[in-house]
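Structural description and commentary
Chain residues, written in single-letter form:
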Amino acid sequence: MTGLFLATADTEWRARIREAYQGDITGEIRRAPDGLIEYDQEATLREIKEAQPRVVMIGPGLAENFALGLAKRLDNENPEICAVLVTAYEQTLFQNALRAGVRDILSPDASTEEISEVIDRALDTAVRRSNSLNPPSNLPARKSRVIAVVSPKGGAGKTAIATNMGVGMAKQEPGSVVIMDLDVRFGDVGHALRLLPDRTLTDLGHLGADADTTTVKATLTPHPSGLFVLCAPNTPGDADDISNETIAGVIRVLSQEFDYVILDTPAGLDETTLTAMELATDLILVCGTDVASTRSMRKEIEAFDIIGLTTQRRYFVLNRADARVGLEIRDIEGTVGMEVDVAIPSSRSVPLSMNQGSPILESAPRSPVARAYGELANLFLRGPVAAAPSEQAQTTEATITRFRRRKETR
Ligand SMILES: Nc1ncnc2c1ncn2[C@@H]1O[C@H](COP(=O)(O)OP(=O)(O)OP(=O)(O)O)[C@@H](O)[C@H]1O
Ligand SMILES: [Mg+2]
């Protein structure tokens, strides 16, 4: 697969693309002898399939139903190809375009820089999509859960969740859980679990997409709970040498070797996080109770839909769920557009335990916050996680009820 296919009859636009993009360009929509465009969807699709481009740019100058019909067929039949629509922006068209599987919209008046930015972004998306749709054939299929813990804002509680959940799961199924610290610059999973790794992700930087099991396993650090950890580089500068291909290769190997792969990510949607999410089976969306966090979470979820991250199961975790900041849980659920799956209360023991490197699920397993982490772990495990499952199952409900009661008595 290479390059860009231009589905347009507009020769001026073709010349502008040449300025903005130096790679392979194919494709054309022919004009009939009378100058009208021939809207032959089948013929255009055939040409696209022959050319095997990574990105198809649809328009400008095409009828809307032809353009969107083409995008929809591509999305169904060749989901690895990324479609960009070139048309003047209009809200209703924008929504229809997203539904038809279009990944980006470009105005015909866009500057050369904008055009090349959109092309680069679309090519990146196409590479990621094709990586996740066509894993290397030398790896046998295995049903593992790859769980990415994500949030748009920093400090939301991702690392606390990933580490406690990891320990809770490993205690139930020792040796079957691994955490990969994908906060490649400032990752602190190692600190939160008081690990002193001999090897880190830095040692895998040279592998590229061909990561092999022996090398990856030799880089893991064991935790006494039965959990394994692939720690982030010790110095932020080392992160530059770790490509997304390497990260994808390592995640694939880990998912062959472990039943549960937990990916702790940095805040926001950088390329590393996107790569991780594409390979994930489950997303844990972590959000605080303030307006800024909930709005950002809403936008992040909209972005998932736009970029096609739609097949992963989503879990909404409300952290510091009992914080008194003026928002009702119902309001938060309304803004985010999802119901809370697990509510984790605030507790001073969380920062204390992280500073001491001793997960709260081990140091205070019966505390409400530990029970909430256990409840989260239970969502993924085949069996219950700890001694008091009935109490755990009620933790979110109890936290939400406490939260509502407090608000009512104020
Ligand atoms: N439920 C909680 N109650 C009290 N403190 C918490 C809770 N959850 C997390 N914290 C504290 O908030 C801080 C940020 O948590 P954490 O490091 O887990 O967030 P993060 O999302 O991983 O941040 P980053 O985006 O920087 O990686 C830490 O000091 C942690 O101990
Ligand atoms: Mg973190």
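A few points on the structure. (Residues numbered from 1 in each chain as written. Chains lettered and ligands numbered in written order. Predicted model: local features only at pLDDT ≥ 70, side-chain atom pairs only at ≥ 80, totals over all residues. Heavy atoms only, no water.)

Observations regarding the overall build of the protein chain
Short version of the rule: Think of it this way: any DSSP run of H or I at least four residues long counts as a helix, any run of E at least two long counts as a strand, and we number them from the N terminus. Using a 1.4 Å probe, the Shrake-Rupley method yields the accessible areas, and only the shown protein chains count as cover for residues.
Within the protein chain, the regular secondary structure consists of 17 helices and 13 strands. For the protein chain, the exposed surface amounts to about 18,400 Å²; the carbon and sulfur share of it is 48%.

Observations concerning the site of ligand 1
Filter applied, for reference: It suffices for a single heavy atom of a residue to lie within 4 Å of a molecule or strand for the residue to be listed as near it. Polar contact is the term for a pair of N or O atoms within 3.5 Å; when the atoms are in protein, one must be able to donate a hydrogen and the other to accept it, and sequence-neighboring residues count only if both atoms are side-chain atoms. The pocket and cavity definitions rest on a 1 Å grid over protein atoms only: a 1.4 Å probe that fits but cannot leave marks a cavity, an open set with protein on both sides within 12 Å along at least five of seven lines marks a pocket, and residues lining either have an atom within 4 Å of a point. Being in a pocket or cavity means that more than half of the molecule's atoms lie within 2 Å of its grid points. Under the convention adopted here, Pro, Cys and the residues Ala, Val, Leu, Ile, Met, Phe, Trp and Tyr are nonpolar, Asp, Glu, Lys and Arg are charged, and Gly plus all remaining residues are polar.
The full set close to ligand 1 counts 18 residues, and Gly157, Lys158, Thr159, Ala160 and Arg320 are the nearest of them. At 3.0 Å, a backbone N or O of Ser347 approaches a nitrogen atom of ligand 1. Notes on ligand 1: free accessible area 630 Å², of which the protein chains cover 79%. Comparing atom positions with the cavity grids shows ligand 1 to sit within the second largest pocket. Where the shell around ligand 1 is concerned, the elements lending two or more residues are α6 (158–172) and α13 (349–356). Of the residues that constitute the shell around ligand 1, the class distribution is eight nonpolar, seven polar and three charged.

Quick word on the pairing of strand β3 (residues 55–58)
In plain terms, the rule: Only protein chains enter the calculation, and the probe is 1.4 Å; a residue is then buried if its accessible area is under 20% of its type maximum, exposed if over 50%, and partly exposed in between. What makes two strands pair is DSSP finding at least two bridges between them. Seen with its strands pointing away from the viewer, a crossover is right-handed if its path from the first strand over the helix to the second goes clockwise.
Alternating residues of β3 divide into Val55 and Met57 and Val56 and Ile58, and every residue in both groups is buried. Both strand β1 (residues 4–7) and β3 contribute to a ladder of four bridges, which runs parallel. Of the residues in β3, the one forming a bridge with Ala7 is Ile58. As defined by bridge partners, β3 adjoins strand β4 (residues 82–86) across four bridges and the pair is classed as parallel. Looking across to β4, one finds that Val55 is bridged to Cys82. In this region the chain leaves β3, passes through helix α3 (residues 64–77) and returns to the parallel neighbour β4; the handedness of that crossover is right-handed.

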